[in-house]
Structure formats: C-alpha cells, structure tokens
Amino acid sequence: MKKIFSVLPFLVLFIVCSCQNKLGNPEVNPVEIQKKFIDWWTYQYNEIMLSRDFVALDSNSKEITKEAFLKMLSEGNYIPIRLESDEALFYYKLFKIESTSDTSIKAVIAETAFNEIQNLKKEGTPFPEFSSKDLNGNLITNESMKGKIVVVKCWYIHCAACIEEFSKVNNLVSNYKNRKDIVFISLAEDTPEQLKPFLAKKPLSYSVVPNMKTYMNLTLQLNAFPTHFIINKDGSIAKVLSDYKSLEVALYKVSEKN
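So, how was this worked out
Residues numbered from 1 in each chain as written. Predicted model: local features only at pLDDT ≥ 70, side-chain atom pairs only at ≥ 80, totals over all residues. Heavy atoms only, no water. Buried < 20%, exposed > 50% of the residue type's maximum accessible area, 1.4 Å probe, protein only. Helix = DSSP H or I, 4+ residues; strand = E, 2+ residues; numbered from the N terminus. Pairing = 2+ DSSP bridges. Disulfide = S-S within 2.5 Å. Axes fitted to C-alpha atoms, helices over the stretch in contact; angles between N-to-C directions. Parallel < 35°, antiparallel > 145°, perpendicular 65-115°, else oblique. Left-handed = near helix turned anticlockwise from the far one by under 90°. Contact = heavy atoms within 4.5 Å. Nonpolar A, V, L, I, M, F, W, Y, C, P; charged D, E, K, R; others polar. Core = buried A, V, L, I, M, F, W, Y, C linked by side-chain atoms within 4.5 Å.

Among the six residues that make up strand β4 (residues 91-96), five are buried, leaving the element largely enclosed by the rest of the structure. Pairing analysis gives three bridges linking strand β1 (residues 55-57) to β4, with the strands arranged parallel. Bridge pairing links V55 to Y91 in β4. Relative to β4, strand β3 (residues 78-82) runs antiparallel, the two sharing five bridges. Residue pairing for β4: I81 is matched across the bridge by K93.

This brings us to the state of the cysteines. Here the structure, examined in full by the defined rule, presents one disulfide. Disulfide pairing is shown between C159 and C162; the S-S distance is 2.2 Å. With the S-S bond torsion at 80 degrees, the cross-link from C159 to C162 turns out right-handed. Accessibility expressed as a relative area gives 6% for C159, which makes it buried. Cysteine C154 remains unbridged, with the sulfur of C162 as its closest cysteine sulfur at 9.1 Å. C154 sits in the buried class, given a relative accessible area of 0%.

What follows covers the sheet that holds strand β7 (residues 149-155). As summarised here, the arrangement of the five strands in space is β9-β8-β7-β10-β11, forming an open sheet in which the pairing is mixed. The outermost strands of the open sheet, each flanked by one partner alone, are β9 (207-209) and β11 (237-241). Mean inter-strand twist for the sheet, computed between neighbouring axes without regard to direction, equals 20 degrees. Note that β7 and strand β10 (residues 227-231) share five bridges and pair antiparallel. Residue pairing across strands places C154 opposite T227, the latter belonging to β10.

Two elements in contact, helix α3 (residues 66-74) and helix α4 (residues 103-122), have axes whose closest approach is 7 Å; the angle formed by their N-to-C orientations is 150 degrees. The angle between α3 and α4 falls in the class roughly antiparallel. Seen along the crossing, α3 lies across α4 with a hand that is left-handed. Residues K66, E67, L70, K71, L73 and S74 of α3 pack against I109, A110, A113, F114, E116, I117, L120 and K121 of α4. Within the contact of α3 with α4, the residues separate by chemical class into eight nonpolar, one polar and five charged.

The next subject is the nonpolar core. Counting residues in each nonpolar core, the largest one holds 49 residues, and the members touching the most others are W155 and L187. Among the elements that make up this core, the one with the highest residue count is β7 (six residues). With 28 residues, the next largest nonpolar core counts I48, L50, F54 and I81 among its residues.

Okay, the environment of L120 next. One can find L120 in helix α4. For the pair L120 and S51, spaced 69 residues apart in the sequence, the C-alpha separation amounts to 8.1 Å. Beyond its immediate stretch of four places on either side in the chain, L120 contacts K66, E67 and L70.

The next thing to look at is unusual backbone geometry. Glycine aside, residues mostly have negative phi, and peptide bonds are mostly found in the trans state. Cis geometry marks the peptide bond from F225 to P226; its omega dihedral reads -5 degrees. Located in the positive-phi region is S61, a residue other than glycine, with phi close to 70 degrees. Looking at the secondary structure, you find S61 in the loop between β1 and β2 (63-64). Here N211, not a glycine, exhibits a phi torsion of approximately 55 degrees, which is positive. By secondary structure assignment, the location of N211 is in the loop between β9 and α9 (213-219). Taking the relative accessible area as the measure of exposure, N211 reaches 46% and is therefore partly exposed.

These figures capture arrangement, not role.
Structure below.
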C-alpha cells in the first residue's frame, strides 16, 4: 500500500505536465512566422481574432486577463500565437518580437491591440444615445431596440474589408430569420444618395442608417472598420468585435443566453 501512495504523486504530476505540454505547443513557429511580413500577416488575419473570448497567456505561459494581454501587445514587444489544444477554447500566448523582424509587424500589432482595448472597455456599458432613420424611413432609437438583441455593423462604402464580409453577414441574418428578437442594423458614413445605388449592386440584409460618420467617430469613438456591436436586450453592449468570425461565435453565445 505504501508503494502505491508513493507512486501516486508522480503519476498526478505526469498527467498535469502532459496536459500543460499540449497547451505549450505553438501552432506555428514564432520565429519563422516573423521573417516575412506577408507570412505573419496571413497568419494573423486568418487565425488570430483578438475580439473573441480566449485564454490569455503571457510569455511564461501564465494565465493573465485579456486586458493585460492586449496592453502588452499594444506596447509593441510581442506577437500573439495560438497554442495547439484539444479543447474548444482558444489559447493565445505572447512571444517576443525578434529584433530582425519587419518593423511593420510591431506597428500593426500595437495599433490593432490598442483598438481592441478601446473596444473591450465599451463592453458592459449602455449603447450611446441613438435616434436616426434608416433608408426606408424607419425611426430607430434606444427605446425601440430594447427587448431585442441588436447586431450593429459600422462601415462605409470605400472600406474594402467592410464590403468583403457582406455575403457572410447576409448569411448570418438568414440564419437568425426565425429569431424575431434579434435585429440587424448597419450604420454607414455615407449619404442616402451614395448608398442607394451602391446597395442596389451589393445588397446588405441589415437595416441601413446613413450619415453616421460623426456618430461613429465621436460618440462610438471608432478607430477601425468594420466594427460590430452586439447589444443586449437591456440596451447594454455585450460585445464589440472587429471581424466576422468573432461576431458569428459571439452572437451564438449571446443568443443562447436569451
């Protein structure tokens, strides 16, 4: 019996270490991915979604808050790499930016992280006072949105990334067509005269509110487009997201809770 107990702690330690090793493997080589800007950018664009929920790890694999993780990225000394895992959760770890890396990598990461920090701070706060008509003349206000989950897309005509995701967000609207408590609204910088012929060629299934440049820049304080908001039924901001993949996952989570 004594032999069994003496072996047990080592067995537990082995299991724990094995689990940690699974999370300790970066899905790409952190040094190699920095050698060419295009390689890093392709990976970052397709695999790293800082808007979504993820487990944040510092460079020593210690779990930290998402805000602390983003702050360290905004200081320009680290890149985020996803770790391989059997779990559905995303694990992002900080790796040092190499001194030989393209300086553009550092600049883009710092700017992206700064914007994500600003978005994160908005979550849990009331959606700012809003009262405007869409292209069909329907008045949309904070009061009219209460009791509904509201998905807001912020964009403008000359934003290539905004237009590129039209087909995806249109599919999202279709997927939730039976949820009468979920509505989709888009705020556009452009005028009705600009939007109507544009949308005739590139349809958007959201209600489109024109002339929102000042509101988005000053009231919502947006620095990047597209930006997506998910608003709770009580009028508070549930999530602020910068990419479609994160929006899709976050909306599913919010809709399941309501």
